[in-house]
Amino acid sequence: MQPIAILVVEDNDAQRKIMEFNLSREGYTVLPAGTIGQAMALMKGHRPDAVVTDVMLPDGSGIELLERLLRIDPDLVVIVVTAYGTIRMAVDAIKKGACDYLTKPYEKEELLLSIRHALKARAGVQGRERHEIIGRSDAIRGIMDMIGHIADSDVPVLITGESGTGKEVVARALHAAGTRRDRPFVPINCAAIPSDMLEAELFGHTKGAFTGALKDKPGRLESADRGTLFLDEIGSMDIALQPKLLRAIETGYIERLGAVEGRKLDTRIVSATNADLIGMIRQGLFREDLYYRLNVVNIHIPPLRERREDIPLLVDHFMGRYASGRRLSLGQDALDVIMGRPWYGNAREIENFIRRLVVIHGSGTVTGRDLVAILPLQPSPRVQTASVSDESMDEAEKRMVLSALDSAGHNISKAAKLLKIPRHKLVYRMKKYGIGPGAAP
């Protein structure tokens, strides 16, 4: 087996030699370069597995080199190293395809760990459909590693984490990375369907099985045949239905409601919950045998407040989604404000915030002061199962507008000054929340 080759691009001779020494001791083949020109020349005769490049190079930027390298080999692992680390530079590097970035000075083990994680994660999804797991934290890297290990197997997976952490995103990534990726991914939210209807949704029914069953209908399990069934909010499933799901998982057979015979299925089961299933087992609300059938492999997604390094990447991702084509950007002080919040609603709360920001602000550079009116009042910490809903965010903002108007004697211009926002933005909020025309101009 050929050793892994790493192209090291660093114009400081001493630092390049140290990197070459450390990587060689780990068994890597090192291709040293001091400039973009030398790096591109080496690419003509070699195909490295990974690249470690400084940002500041004599003949250009490491970001420019990154873009040129990925045009040659889109699957190339590129790690950017900089002594001028900022959130914006890190986001820019990741956005343009870097697997990771390091800020000088860094420890030898930090570099080696970054290379190992990047190579393993890329190997797990190489040649497969890309997905949108956004982040560079150790937790996200660990999830990517796990997906690479288990994607091609059929073991049931239980994804746990607070509301808004992206459990369905991970489930879809797992499906997309495996051999079932060309077959259906079928989600069902067990909390969104009444208990008396969930059985028919899962298992299907025959004509006449119950009032209103006018024709045969396959269930979600059948629809996911040879694919993946995603059982979201599995903790909400009525305990009376759980034995039938357990039997289907154990035997691989299902029976439609009203059917005489069962049918064989080949479906991978991935489930998710933000509930404490162990606690529910103790209370007699969830079957222990079903829990162990579903939880063969557990993937836990920590809350965003425990992996803050992922916040700027999520912000940039949602800005790209919702502000595409607009001349809208975030100033560094605005990013600092965003980084300082706990985001109890996790990635979903950030997404909702960015959508609101795009609508309200429109274009230009958003400052920290602008965010005072755009961000809702800070909610109190919630228990793990709680989330920050759209309604609670709107209510908090509405209260803030009403309070400012009251303090300003219902003078819109004065209230806008209190909120530190332009007058037209306050008028927009008043219209949004139906705050009447009683305020004076």
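Our subject is the structure listed above.
Throughout this document, residue positions are counted from 1 along each chain, in the order its sequence is written. Local features are withheld for residues below a pLDDT of 70 in this predicted model, meaning they are given only at 70 or higher, and side-chain atom pairs are given and counted only at 80 or more; totals for whole chains, interfaces and linings count all residues. Where side-chain values are given, they derive from all heavy atoms of the structure, hydrogens and water being excluded.

Undergrad: Lay out the sheet that holds strand β8 (residues 157–161) in plain terms, naming residues and giving numbers.
TA: The strand order across the open sheet formed by five strands is β9-β12-β15-β8-β16, and the pairing between neighbours is parallel. Two strands lie at the open edges of the sheet, namely β9 (185–189) and β16 (297–301), each paired on one side alone. In this sheet, neighbouring strand axes are inclined to one another by 20 degrees on average, regardless of whether the strands run parallel or antiparallel. Whether two strands pair depends on DSSP finding at least two bridges between them. Segments assigned H or I by DSSP are reported as helices when at least four residues long, segments assigned E as strands when at least two residues long, and all are numbered from the N terminus. Bridge analysis of β8 against strand β15 (residues 268–273) gives four bridges, and the strand direction is parallel. Looking at the pairing, Val157 lines up with Val270 of β15. For helices, the fitted axis covers only the stretch in contact; all axes are lines through C-alpha atoms, and the angles between them, taken along N-to-C directions, range from 0 to 180 degrees.

Undergrad: Describe in detail the pattern of salt bridges, supporting the description with residues and values.
TA: When the charged atoms of two side chains lie near each other, side chains of opposite charge can form a pair. In what follows, salt bridge is the name for a side-chain nitrogen of Lys or Arg lying within 4 Å of a carboxyl oxygen of Asp or Glu. This structure, assessed with the given rule, holds 14 salt bridges. One salt bridge connects Asp138 with Arg141, and the closest N-O pair in it is separated by 3.6 Å. With Asp138 and Arg141 both in helix α6 (residues 138–150), this residue pair falls three residues apart, about one helical turn. According to the relative accessible area criterion, Arg141 is buried, its value standing at 15%. In this structure, Lys244 engages Glu199 in a salt bridge whose closest nitrogen and oxygen atoms are separated by 2.9 Å. Pair noted here: Lys244 is in helix α10 (residues 242–251) and Glu199 is in helix α8 (residues 195–203), with a separation of 45 residues, a long-range link. Residue classification places Glu199 among the partly exposed residues on the basis of a relative accessible area of 26%. Only protein chains enter the area calculation, which uses a 1.4 Å probe; residues under 20% of their type maximum are buried, those over 50% are exposed, and those in between are partly exposed.

Undergrad: So what's going on with the packing of aromatic side chains? Which residues, and what values?
TA: Each pair of aromatic rings taken from Phe, Tyr and Trp, with Trp reduced to its six-membered ring, is defined by centres within 6.5 Å and is described as stacked if the planes are under 30 degrees apart, edge-to-face if over 60, and tilted in the remaining cases. Across all of its chains, the model carries three aromatic pairs by this definition. A centroid spacing of 5.1 Å and a plane angle of 75 degrees characterise the contact between Tyr291 and Tyr292, whose relative ring orientation is edge-to-face. Look at Tyr291 and you get buried, because its relative accessible area is 13%. Between Trp343 and Phe353, the aromatic rings sit 5.6 Å apart at their centres with planes inclined by 45 degrees, giving tilted as the arrangement. Taken together, the positions of Trp343 in the loop between α14 (332–339) and α15 (346–361) and Phe353 in helix α15 put the pair 10 residues apart, joining distant regions of the chain. Pair check on accessibility: Trp343 and Phe353 agree, each one buried. Charge over a ring is defined by NZ of Lys or CZ of Arg lying within 6 Å of the ring centre and within 35 degrees of the ring normal. Here Lys244 stacks its cationic end above the ring of Phe203, 4.6 Å away from the centre of that ring. Across from the ring centre of Trp343, 5.3 Å away, lies the NZ or CZ of Arg341, which sits over that ring.

Undergrad: Account for α14, with residues named and values stated.
TA: Of the residues making up α14, those classed as buried are Ala334, Leu335 and Ile338. All buried residues of α14 project into a common sector of 100 degrees when viewed along the axis, lining one side. In this description, the arc belongs to the directions extending from the helix axis to the C-beta atoms.

Undergrad: How would you sum up the packing of helix α13 (residues 311–322) against α15? Please name residues and give values.
TA: At a closest axis distance of 9 Å, the pairing of α13 and α15 adopts a crossing angle of 45 degrees. Considered as vectors, α13 and α15 are oriented oblique to each other. In this structure, α13 crosses over α15, and the sense of that crossing is right-handed. Facing α13, whose interface residues are Ile311, Leu314, Val315, Phe318, Met319, Arg321 and Tyr322, α15 presents Ala347, Ile350, Glu351, Ile354, Arg355, Leu357 and Val358. Note that Gly is not counted as nonpolar here; it falls among the polar residues with everything else outside the nonpolar set of Ala, Val, Leu, Ile, Met, Phe, Trp, Tyr, Cys and Pro and the charged set of Asp, Glu, Lys and Arg. Grouping the amino acids of the contact of α13 with α15 by side-chain chemistry returns 11 nonpolar, no polar and three charged. Any angle from 65 to 115 degrees is called roughly perpendicular, while one under 35 is roughly parallel, one over 145 is roughly antiparallel, and all others are oblique. Should the near helix be turned anticlockwise from the far one by less than a right angle, the crossing is left-handed, and should it be turned clockwise, the crossing is right-handed. Only heavy atoms enter the contact rule, under which two residues are in contact if any of them lie within 4.5 Å.

Undergrad: An account of the side chain of Ser163 is requested, with residue identities and associated values reported.
TA: Relative to the assigned elements, Ser163 resides in the loop between β8 and α7 (167–177). Within polar-contact distance, the side chain of Ser163 engages the side chain of Arg348 at 3.0 Å. Within 3.5 Å is the distance limit for a polar contact, defined as a pair of N or O atoms, with the added protein rule that one can donate a hydrogen and the other accept it, and that residues adjacent in sequence qualify only through two side-chain atoms.

Undergrad: Requested: an account of the environment of Pro187, with residues and values cited.
TA: With respect to the helices and strands, Pro187 occurs in strand β9. Residue classification places Pro187 among the partly exposed positions, given a relative accessible area of 30%. The residues touching Pro187, leaving out its near neighbours within four places in the chain, are Glu168, Arg172, Arg220 and Phe230.

Undergrad: Quick one: what's the story with unusual backbone geometry, residue by residue and with numbers?
TA: Peptide bonds are mostly trans, and most non-glycine residues show a negative phi. The phi dihedral of Glu233 is positive, around 55 degrees, even though this residue is not glycine. Tracing the sequence through the fold places Glu233 in the loop between β12 (228–232) and α10. The class of Glu233 is buried, set by a relative accessible area of 19%. For Asn346, which is not glycine, the phi dihedral falls at a positive 60 degrees. Structurally, Asn346 is set in helix α15.

Undergrad: Describe the nonpolar core, listing the residues and the values that go with them.
TA: Leu198, Leu202, Leu229, Leu231, Ile234, Met237 and Phe286 are the most contacted members of the largest nonpolar core, which has 28 residues in total. Contributions of two or more residues to this core are made by β9, α8, β12, α10, α11 (277–282) and α12 (288–294). In contact with Leu229, not counting residues within four places along its chain, are Val186, Ile188, Leu202, Arg220, Leu221, Ala224, Thr267, Arg268, Ile269 and Val270. Throughout this description, the term nonpolar core refers to a set of buried Ala, Val, Leu, Ile, Met, Phe, Trp, Tyr and Cys residues connected via side-chain atoms within 4.5 Å. One finds Ala323, Ile338, Ala347 and Ile360 within the second-largest nonpolar core, a separate group that totals 24 residues.

Undergrad: Describe in detail the pairing of strand β1 (residues 5–9), supporting the description with residues and values.
TA: Among the five residues in β1, five count as buried, and that is most of the element. Direction of pairing for β1 relative to strand β2 (residues 29–33): parallel, over a ladder of five bridges. Paired with Val8 across the strands is Pro32, a residue of β2. Think of it like this: strands point away, you trace from the first strand over the helix to the second, and a clockwise trace means the crossover is right-handed. This β-α-β element, β1 to helix α1 (residues 13–25) to β2, shows right-handed connectivity. Pairing of β1 with strand β3 (residues 50–54), which is carried by four bridges, proceeds in the parallel orientation. In the strand pairing of β3, Val9 is matched with Thr53.

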